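# Architecture and fold: a report
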Amino acid sequence: MAKLKLGVMISGSGTNLQAIIDACAEADYPAEIQVVISNRPEAKGLERAEKAGINAICIDHKNFETREAFEGAVHNCLKEHNVELVCLAGFMRILNSDFVNRWRDRMINIHPSLLPSYKGLHTHARAIEDGVRFGGCTIHFVRPEMDNGPILMQAAVPIAYDETPESLAAKTLTYEHKMYPAAIRMIAEGKARVSGNKVAFNGIDSGDVGIISPATK
Ligand code: GRF
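Basis of the calculations
Residues numbered from 1 in each chain as written. Predicted model: local features only at pLDDT ≥ 70, side-chain atom pairs only at ≥ 80, totals over all residues. Heavy atoms only, no water. Buried < 20%, exposed > 50% of the residue type's maximum accessible area, 1.4 Å probe, protein only. Helix = DSSP H or I, 4+ residues; strand = E, 2+ residues; numbered from the N terminus. Arc of directions from axis to C-beta. Contact = heavy atoms within 4.5 Å. Salt bridge = Lys/Arg side-chain N within 4 Å of Asp/Glu carboxyl O. Pairing = 2+ DSSP bridges. Axes fitted to C-alpha atoms, helices over the stretch in contact; angles between N-to-C directions.

Attention now moves to helix α5 (residues 123-130). Among the residues of α5, Thr-123, His-124 and Ala-127 are the ones counted as buried. Seen along its axis, α5 keeps its buried residues to an arc of 95 degrees; they face one direction. Tucked into the core, α5 has its buried residues touching β5 (107-111) and α6 (165-188). Once α5 ends, the next one or two residues include Gly-131, with phi positive near 75 degrees.

Turning next to the pattern of salt bridges. When their charged atoms lie close together, side chains carrying opposite charge are able to pair. By the definition in use, this model includes 4 salt bridges. Arg-143 is paired through a salt bridge with Asp-105; the nearest N and O atoms lie 2.6 Å apart. Taken together, the residues span a long stretch of sequence, with Arg-143 in the loop between β6 (134-141) and β7 (151-158) and Asp-105 in the loop between α4 (97-102) and β5 at a distance of 38 residues. Residue class for Arg-143 comes out buried when judged on its relative accessible area of 10%. Classification of Asp-105 as partly exposed rests on a relative accessible area of 34%. In this structure, Glu-189 engages Arg-185 in a salt bridge whose closest nitrogen and oxygen atoms are separated by 2.9 Å. Glu-189 sits in the partly exposed class, given a relative accessible area of 35%. Residues participating in the shared-partner salt-bridge network are Arg-185, Glu-189 and Lys-191.

With that settled, consider the sheet that holds β7. The strand order β3-β2-β1-β4-β5-β6-β7 describes an open sheet built from 7 strands, whose pairing is mixed. Across the chains shown, the open sheet's two edge strands, defined by having one partner strand only, are β3 (56-58) and β7. On average, each strand axis in the sheet is tilted by 20 degrees relative to the strand beside it, whichever way the strands run. Relative to β5, strand β4 (residues 85-88) runs parallel, the two being bridged by 3 bridges. Note that in β5 the partner of Val-86 across the bridge is Met-107. This element, helix α2 (residues 44-51), spans β1 (4-10), β2 (31-38) and β3 of the sheet and lies at about 150 degrees to β3. Helix α3 (residues 67-80) contacts β1, β2, β3 and β4 of the sheet and is inclined by roughly 155 degrees relative to β2.

As structure tokens, this is what we get:
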């Protein structure tokens, strides 16, 4: 079966990109990366892509007069590389609704909280400050409102009593790296699709193990 063609958009370190690169290196993985686009020339993720022999392109937003012009260049690049699914992986620019709607139901994002809680920045610090017992991460289809859209996959990460934003970020990233390749696989295999404002699953078990935090014994 033909592999799902991915375009991965980054702005920084690219550890989620690396997880996707590593998954795509497996012969039976049902997706392949066509292009990696960064809006920042210094993004370490560009080196990760180059090292893996993947097209790595910087489209620096600072070279464009308007957000529309920048997004037009990104759109054209994705089309030129025949991208079928856009994966935002630490892409740190707001995208206009025109761009988002062009890729509606064909663009996913990863966010480091249990959405719809803690949209925006500094998610871990805010969750610790509030004293909630779980942080987490979410993969969702992208809608024009920031950190919004049908939720595909989430991981709940218990927050320890002495947790710091850094320690929680590190713990959460390990789950992000497991989730992103798994979420792409579900889409590629036709097991997850948008239905209304939710994601419908086909042949996927939701799991039945609840977690209590703090542990009761
Ligand atoms: C991750 O925490 C992701 O949830 C958020 O940005 C960060 C990207 O990290 N959207 P990396 O560049 O993949 O290492």
